[in-house]
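# Structure assessment
The primary structure of each chain is shown beneath.
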Amino acid sequence: VIIHEIVLYLVFTNQPSYLLNSIFAYIVTLLSIFIIFKTLKEEEFKSALYLIGIISSIGLFYHFYQLMSGQLVVPIRLPFMPEPAQTSRFFEEGLRPKSFFGEPEACITYLLVPLYLSLKERKFHLSFFFFFSIFLSTSTTGILLSSVSIFVYSLTQKSKWYIRALCIV
């Protein structure tokens, strides 16, 4: 991404003023990953990812319940977060579960990480929970990516053929 942005900055003229700031932000973000990763404890990090994934999934279930009762949904606002501008898309009412995110795809983008981790660690009860939550969001991207993840996972495992078939089904 950084190389792409630098090429854009050098090749095209009349770039917006924020592009250079974005490049610096990307560089700082990339460098901070290496600094932060050294201090993280892997198990605590996974636990935090699972916890936030479960809370986000509960938000999807709540929105699904609201939609089934005939209500429109808006993202669940967290009390400690700053108030978004009234003109932002955050306040748009919708017909799809969003949980705490502005749109279903943003929620799914996050939930794919705990889904992957739970598959990798063979915590199939969590995998099923996250997979079901992703389907509940009605996000086409989420349904496609989670299905492909389960399919690829089942094909790469060294288990009996009927276990792999059951996983795919």
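Residues numbered from 1 in each chain as written. Predicted model: local features only at pLDDT ≥ 70, side-chain atom pairs only at ≥ 80, totals over all residues. Heavy atoms only, no water.

## Brief notes about unusual backbone geometry
Rules: Comment: elements are numbered from the N terminus, with helices defined as DSSP H or I runs of at least four residues and strands as E runs of at least two.
Backbone geometry places Ser 99, a non-glycine residue, at a positive phi of 60°. Within the secondary structure layout, Ser 99 lies in the loop between helix H3 (42–68) and helix H4 (104–120). Phi is positive for Thr 138, which is not a glycine, with a value near 65°. Inspection of the secondary structure assignment puts Thr 138 in the loop between helix H5 (124–136) and helix H6 (140–156).

## A word on the packing of aromatic side chains
Threshold: Here a Phe, Tyr or Trp ring, Trp counted by its six-membered ring, pairs with any other such ring whose centre lies within 6.5 Å, and the pair is stacked when the planes are under 30 degrees apart, edge-to-face when over 60, and tilted otherwise.
Per the counting criterion, the structure on display carries 7 aromatic pairs. Here the aromatic residues Tyr 50, Phe 61, Phe 128, Phe 129, Phe 130 and Phe 132 are joined through ring pairs into a cluster of three or more.

## Overview of the side chain of Ser 118
For clarity, the threshold we go by: When a residue's accessible area, from a 1.4 Å probe over protein chains only, is under 20% of the maximum for its type it is buried; when over 50% it is exposed; and in between it is partly exposed. By the criterion applied in these results, polar contacts are pairs of N or O atoms within 3.5 Å in which, for protein atoms, one can donate a hydrogen and the other can accept it, and in which residues neighboring in sequence qualify only through two side-chain atoms. It only takes one pair of heavy atoms within 4.5 Å for two residues to be counted as in contact.
Here Ser 118 shows up in helix H4. The exposure class assigned to Ser 118 is buried, which follows from its relative accessible area of 0%. Within the local environment of Ser 118, its side chain forms a polar contact with the backbone oxygen of Leu 115, the two atoms lying 2.9 Å apart. Beyond its immediate chain neighbours, meaning those up to four positions away, Ser 118 contacts Tyr 50, Lys 123, Leu 126, Ser 127 and Phe 130.

## Here we look at the packing of H4 against H6
Going by this rule: Here, axes are lines fitted to C-alpha atoms. For helices the fit covers the stretch in contact, and angles between N-to-C directions go from 0 to 180 degrees. Between 65 and 115 degrees an angle is taken as roughly perpendicular, under 35 as roughly parallel, over 145 as roughly antiparallel, and anywhere else as oblique. Crossing handedness is read from the near helix: turned anticlockwise from the far helix by less than a right angle, it gives a left-handed crossing, and turned clockwise, a right-handed one. Think of it as three bins: nonpolar holds Ala, Val, Leu, Ile, Met, Phe, Trp, Tyr, Cys and Pro, charged holds Asp, Glu, Lys and Arg, and polar takes everything else, Gly as well.
Contact geometry for H4 and H6: axes closest at 10 Å, N-to-C directions at 10°. What the angle tells us is that H4 and H6 run roughly parallel. Here H4 and H6 pass one another in a crossing that is right-handed. Residues Glu 105, Ile 108, Leu 112, Leu 115 and Leu 119 of H4 form the contact with H6, whose own contacting residues are Thr 141, Gly 142, Leu 145, Ser 146, Ser 149, Ile 150 and Tyr 153. Broken down by class, the residue content of the contact of H4 with H6 amounts to 7 nonpolar, 4 polar and 1 charged.

## A word on H6
Applied cut-off: One less than the residue count of a helix, multiplied by 1.5 Å, gives the span that helix is expected to have. Taken from the helix axis, the directions to the C-beta atoms give the arc we talk about.
In this model, H6 (17 residues) spans 24 Å end to end at C-alpha, consistent with the 24 Å of a helix rising 1.5 Å per residue. Among the residues of H6, those classed as buried are Gly 142, Ser 146, Ile 150, Tyr 153 and Ser 154. Here the buried residues of H6 occupy an arc of 95° about the axis, which is enough to place them on one side. Exposed residues lying more than 90 degrees from the buried face of H6 are Thr 140, Leu 144 and Thr 156.

## Some details on the pattern of salt bridges
Opposite charge on two side chains makes pairing possible when the charged atoms of those side chains draw close. Note the cut-off: Whenever Lys or Arg places a side-chain nitrogen within 4 Å of a carboxyl oxygen from Asp or Glu, that contact is recorded as a salt bridge.
In this structure the tally under the stated criterion is 4 salt bridges. The closest approach of N and O atoms between Lys 46 and Glu 43, which form a salt bridge, is 3.9 Å. In this pair, Lys 46 and Glu 43 are both assigned in helix H3, 3 residues apart and thus about one turn of the helix distant. Look at Glu 43 and you get exposed, because its relative accessible area is 52%. When the shortest N-O distance is used, the salt bridge between Glu 121 and Lys 123 registers 3.3 Å.

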